[in-house]
Amino acid sequence: MAVTDRRYEVGLIGLGVMGRNLAYNMADHGYSVVGYDRDGGKAKELAKGAGRGESVRGSASLKEFVRLLRQPRTVILLVPAGDAVDRVIKQLLPYLEPGDLIIDSGNSRYGDTDRRGRSVAAKGLLFIGMGISGGERGARYGASLMPGGPWEAYERVRPILEAIAARVDGEPSVAYLGPGSAGHYVKMVHNGIEYGLMQLIAETYDLMKRGLGLSPAELQSVYHRWHEGELNSYLLEITLRILARRDEKSGGPLVDMILDKAGQKGTGEWTAADALELEVPTPTIDAAVVMRNLSARKSEREAAARVLDGHPAAFSGDRQGIIDHLGNALYAGFIITYAQGMALLREAARAHGYGLNLGEVARVWQGGCIIRAKMLKDIRAAYQAEPQLADILLDPHLGGEVLRRREDLRQVVCAAGDMGLPVPALAVSLAYFDAYRSNWLPANLIQAQRDFFGAHTYERVDQPGIFHTEWDKT
Ligand code: 6PG
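The rules we used
- Residues numbered from 1 in each chain as written.
- Predicted model: local features only at pLDDT ≥ 70, side-chain atom pairs only at ≥ 80, totals over all residues.
- Heavy atoms only, no water.
- Helix = DSSP H or I, 4+ residues; strand = E, 2+ residues; numbered from the N terminus.
- Buried < 20%, exposed > 50% of the residue type's maximum accessible area, 1.4 Å probe, protein only.
- Contact = heavy atoms within 4.5 Å.
- Areas by Shrake-Rupley, 256 points an atom, 1.4 Å probe, with all protein chains shown as cover.
- Near = heavy atom within 4 Å.
- Polar contact = N/O pair within 3.5 Å; in protein donor to acceptor, adjacent residues only side chain to side chain.
- Nonpolar A, V, L, I, M, F, W, Y, C, P; charged D, E, K, R; others polar.
- Pairing = 2+ DSSP bridges.
- Right-handed = clockwise from strand over helix to strand, strands pointing away.
- Axes fitted to C-alpha atoms, helices over the stretch in contact; angles between N-to-C directions.
- Domains from an automatic or database assignment.
- Salt bridge = Lys/Arg side-chain N within 4 Å of Asp/Glu carboxyl O.
- Parallel < 35°, antiparallel > 145°, perpendicular 65-115°, else oblique.
- Left-handed = near helix turned anticlockwise from the far one by under 90°.
- Patch = residues over 30% accessible without salt bridge, like charges linked within 9 Å, V, L, I, M, F, W, Y side chains within 5 Å.
- Phe/Tyr/Trp six-rings, centres within 6.5 Å; stacked < 30°, edge-to-face > 60°.
- Lys NZ or Arg CZ within 6 Å of the ring centre and 35° of its normal.

A. Representation of the overall build of the protein chain. A count of helical and extended segments in the protein chain gives 20 helices and nine strands. Overall, the protein chain is about 85 × 65 × 45 Å in size when its C-alpha atoms are taken along their principal axes. Per-residue burial over the protein chain gives 50% buried out of 474 residues. Pairs at least 24 residues apart make up 69% of the contacts formed inside the protein chain by residues separated by at least 6 positions. Taken as a whole, the protein chain presents about 22500 Å² of accessible surface, with 52% of it coming from carbon and sulfur.

Right, here's the structure in full:
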């Protein structure tokens, strides 16, 4: 592509860490990029950091930025999700023309994406809502991209997106996911799964640290072993690196100096809330959100620890045995978490008309993103074998792998219970698995109670129809 005609192929708005790195990534692949940031300093810095002549330049004037773009224009927004996106679109629209394309790459809430897509389309412009995962490194060297919107808009930018995406076995970690907010929905669920996996890992860390009293070096060697095997994943890789990092000030492990209060920007909570709305059970993800909320109540927990005797009991069993159980339990917990996320996507695809290809979603998640893991290859294969698979736990391979580890999960949950260590994500993953594979649940009693106090009726096991009993009559 010619980069000297002073018309740039892509425009980027928001030159923070993600925007800047994405611009350099595009330039590396031969695209000319103009960036805009209302902070003129950032706009200036952009070209300096690129060091490649005129292929990247910054502008602190929105009008000039738009003028510098080749038509039809492509403008990628990398501004914080929320009001800022609406503000930027509002400022931008007077300068754009029908046929131009806006791509919102923040973690926008999917309902907002639908609304923005409609209002932009009413002016004859195109709109893509695209999730990006992979943080700073992903933006610079290859991210996982989750775009949704009009097909023709995707086709127009497909070469750019394929160029800047991570690659796995030669395939770019990007796919057209569906119309409207499909991309942002998939990114939201990606983050919900991210919350679940992080909480599961944190519980294994707690059990080994407080429960078994493992030293930092011992912890590292356990996670290293797990990461070398079937649990190979980005989140375990960074856990290992976090455990290895020493604090310059105290000389001890840095992680021990970090306050135990987890923050959150909302995507996990949105996933859990939307799952409840769509009546899809996602208890591992829910537990992860709940535990972040509970962790944030630090001073209340400190007070409670004093009056409620919060010290866990020591572990008295076979230490190596429980560590082995723990590795298997974590693997099962991971699969169960992906299963819940995928089940939510399946229902959302139906409810919102996304027409998602879940095998493609698993493929896009194999590279660049935070939840990338070796097991996603098996999840993709499960959908390739059976595209209409109701739940990945019904795939013979994946279901079999979890089934084989159910006793590990049980041993871990029991040991944690005995010690008084909270492992809600592991516990609820086990309960979910046991409930999902149970052909009978005590919901008959719930139906009877509902009918007793509210005449809500029930069905019978032996004949069709709707029934009500006058429970007060003997
Ligand atoms: C990603 C991350 C990214 C971000 C999360 C963090 O895929 O690259 O998920 O989107 O780091 O929003 O979310 P919390 O602040 O809610 O933990």
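B. Region of interest: the site of the ligand. Surveying the vicinity of the ligand reveals 14 residues, the closest of which are S133, E194, Y195, K265 and R292. Measuring from an oxygen atom of the ligand, one finds a side-chain N or O atom of E194 at 2.7 Å. K265 is positioned such that a nitrogen or oxygen atom in its backbone is 2.7 Å from an oxygen atom of the ligand. Of the residues in the shell around the ligand, the class split is two nonpolar, eight polar and four charged.

C. Local environment of the pairing of strand β5 (residues 101-104). Burial along β5 is two-sided: L101 and I103 facing one way and I102 and D104 facing the other are all buried. With four bridges connecting them, strand β4 (residues 74-77) and β5 associate as parallel partners. Looking at β5, one finds that L77 is bridged to D104. Handedness of the crossover joining β4 and β5 through helix α4 (residues 83-92): right-handed. As paired elements, β5 and strand β6 (residues 126-133) share four bridges and run parallel to each other. When the sheet's bridge partners are listed, I102 is paired in β6 with F127. Each parallel crossover has a hand, and the one from β5 via helix α5 (residues 110-121) to β6 is right-handed.

D. How the structure looks around the sheet that holds β5. Strand order in the open sheet formed by seven strands is β3-β2-β1-β4-β5-β6-β7, with mixed pairing between adjacent strands. The open sheet has two edge strands, β3 (56-59) and β7 (144-148), and neither has a second partner. Within this sheet the neighbouring strands show an average axis-to-axis angle of 25°, counted without direction. Along the sheet, α4 contacts β1 (10-13), β4, β5 and β6; its crossing angle with β4, the most-contacted strand, is approximately 155°. Those strands touched by α5 are β5 and β6, and its axis lies near 150° from that of β6.

E. The arrangement of the domain arrangement of the protein chain in detail. Per the domain assignment, the segments making up the protein chain are domain 1 (3-180) and domain 2 (187-436). Spacing between the C-alpha centres of domain 1 and domain 2 amounts to 32 Å. Contacts between the two partners involve 23 residues from domain 1 and, on the opposite side, 23 residues from domain 2. Linking domain 1 to domain 2 there are one salt bridge. One salt bridge in this structure joins E171 and R380, with 3.2 Å as the shortest N-O distance. Where domain 1 packs against domain 2, one counts eight residue pairs in polar contact (both at pLDDT 80 or more). Elements represented by at least two residues in the side of domain 1 that touches domain 2 include exactly β6, β7 and β9 (171-172).

F. Up close: the packing of helix α11 (residues 267-277) against helix α12 (residues 283-296). Interaxial distance between α11 and α12 falls to 9 Å at its minimum, and their mutual angle equals 135°. Considered as vectors, α11 and α12 are oriented oblique to each other. Here α11 runs over α12; the crossing is left-handed. Of α12, the residues touching α11 (which contributes G268, E269, T271 and A272) are I285, D286 and V289. Within the contact of α11 with α12, the residues separate by chemical class into three nonpolar, two polar and two charged.

G. Up close: a nonpolar patch on the surface. A contiguous nonpolar surface patch, about 280 Å² in accessible area, is contributed by L254, M257 and I258. Relative to the assigned elements, M257 resides in the loop between α10 (234-244) and α11.

H. Focus on the packing of helix α14 (residues 319-352) against helix α18 (residues 406-419). It is at 8 Å that the axes of α14 and α18 come closest, and there the two elements cross at 110°. Taken as axis vectors, α14 and α18 run roughly perpendicular relative to one another. The handedness of the crossing between α14 and α18 comes out as left-handed. Here α14 contributes I322, H325, L326, N328, A329, A332 and I336 to the contact with α18, which in turn contributes D408, L409, Q411, V412 and A415. Here the contact of α14 with α18 is built from residues that sort into eight nonpolar, three polar and one charged.

I. Structural context of the packing of aromatic side chains. Applying the stated criterion across every chain, the model contains eleven aromatic pairs. Taken together, a centroid distance of 5.0 Å and an interplanar angle of 75° make the contact between W151 and Y176 edge-to-face. Of this pair, W151 sits in helix α7 (residues 151-164) while Y176 sits in the loop between β9 and α8 (182-211), placing them 25 residues apart in sequence. Overall, the relative accessible area of 44% leaves W151 in the partly exposed class. Given the relative accessible area of 25%, Y176 is considered partly exposed. A ring pair is formed by Y185 and Y354, whose centres lie 5.7 Å apart and whose planes are at 50°; its orientation type is tilted. Of the two residues, Y185 sits in helix α8 while Y354 sits in the loop between α14 and α15 (358-364), which places them 169 residues apart along the sequence. Across the pair, exposure class does not vary: Y185 and Y354 are buried alike. Among the aromatic residues, those joined into a cluster by ring pairs are F452, Y458, F467 and W471. Above the plane of the ring of Y195 lies R292, whose end atom (NZ or CZ) is 3.5 Å from the centre. For the cation-ring pair, R460 lies above F467, with the distance from its terminal atom to the ring centre recorded as 5.8 Å.

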